[in-house]
Amino acid sequence: MRDAVKKDPTVYSEFKNEKHYDTWITSVQAYASLHGTLQVLDHTYIPSTPEEIFHFEDQQAFMWSVAITKISTPTGKTYLRNHPGNAQKVFQLLHHELRQSLKAEYSAEDLRQKLD
């Protein structure tokens, strides 16, 4: 069934504002699942067989096209410049920066304070 789904990077929304990361990455995950490229978003995935490597390289190429056309935040552009062709690394770094780092913690705390 997935073979019948045309991979189209234009269906992905643009990532312009870091405060919208959660919404954006949820959408990216949904499309990546549909397009059979979800492994690129898993920073722990390492292909081990020649067939897995071949398929992962194809997934990387597609998700790289998504990344370079849709990620437009300053942080994202830096990651794109520093890791050319490696969509898996770019998505991993973005996720870490915006959801797991001290910066993300402070952003969440600022939001909680504003809500109180």
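What comes next is a walk through the structure. (Residues numbered from 1 in each chain as written. Predicted model: local features only at pLDDT ≥ 70, side-chain atom pairs only at ≥ 80, totals over all residues. Heavy atoms only, no water.)

**Some thoughts on the nonpolar core**
- Counting residues in hydrophobic clusters, the biggest one holds 23 residues, and the most contacted among them are W24, M63, I71, F91 and L94.
- When contributions to this core are tallied by element, the ones reaching two or more residues are α1 (21-35), α2 (50-70), α3 (74-82) and α4 (87-100).
- Ignoring anything within four residues of it in the chain, the contact list for I71 reads F15, W24, V66, G76, K77, L80, V90, F91 and L94. (Core = buried A, V, L, I, M, F, W, Y, C linked by side-chain atoms within 4.5 Å. Buried < 20%, exposed > 50% of the residue type's maximum accessible area, 1.4 Å probe, protein only. Helix = DSSP H or I, 4+ residues; strand = E, 2+ residues; numbered from the N terminus. Contact = heavy atoms within 4.5 Å.)

**Things to note about the side chain of Q59**
- Note on placement: Q59 falls in helix α2.
- One polar contact links Q59 to Q39, side chain to side chain, over a distance of 3.0 Å.
- If near-sequence neighbours (up to four positions away) are discounted, Q59 is found in contact with G36, T37, L38, Q39 and V40. (Polar contact = N/O pair within 3.5 Å; in protein donor to acceptor, adjacent residues only side chain to side chain.)

**Some points on the layout of surface pockets**
- Estimated volume of the second largest pocket: approximately 200 Å³.
- For the second largest pocket, the full set of lining residues is Y21, I25, Q29, L41, D42, H43, F91, Q92, H95, H96 and Q100.
- For the lining of the second largest pocket, the secondary-structure elements that each account for two or more residues are α1 and α4.
- Considering each element in turn, the lining of the second largest pocket owes the most residues, 5 residues, to α4.
- A class-by-class count of the residues in the lining of the second largest pocket yields 4 nonpolar, 6 polar and 1 charged. (1 Å grid on protein atoms, 1.4 Å probe; cavity = no way out; pocket = protein on both sides within 12 Å on 5 of 7 lines; lining within 4 Å. Points joined across faces, edges and corners; volume = space filled by probe spheres on them. Nonpolar A, V, L, I, M, F, W, Y, C, P; charged D, E, K, R; others polar.)

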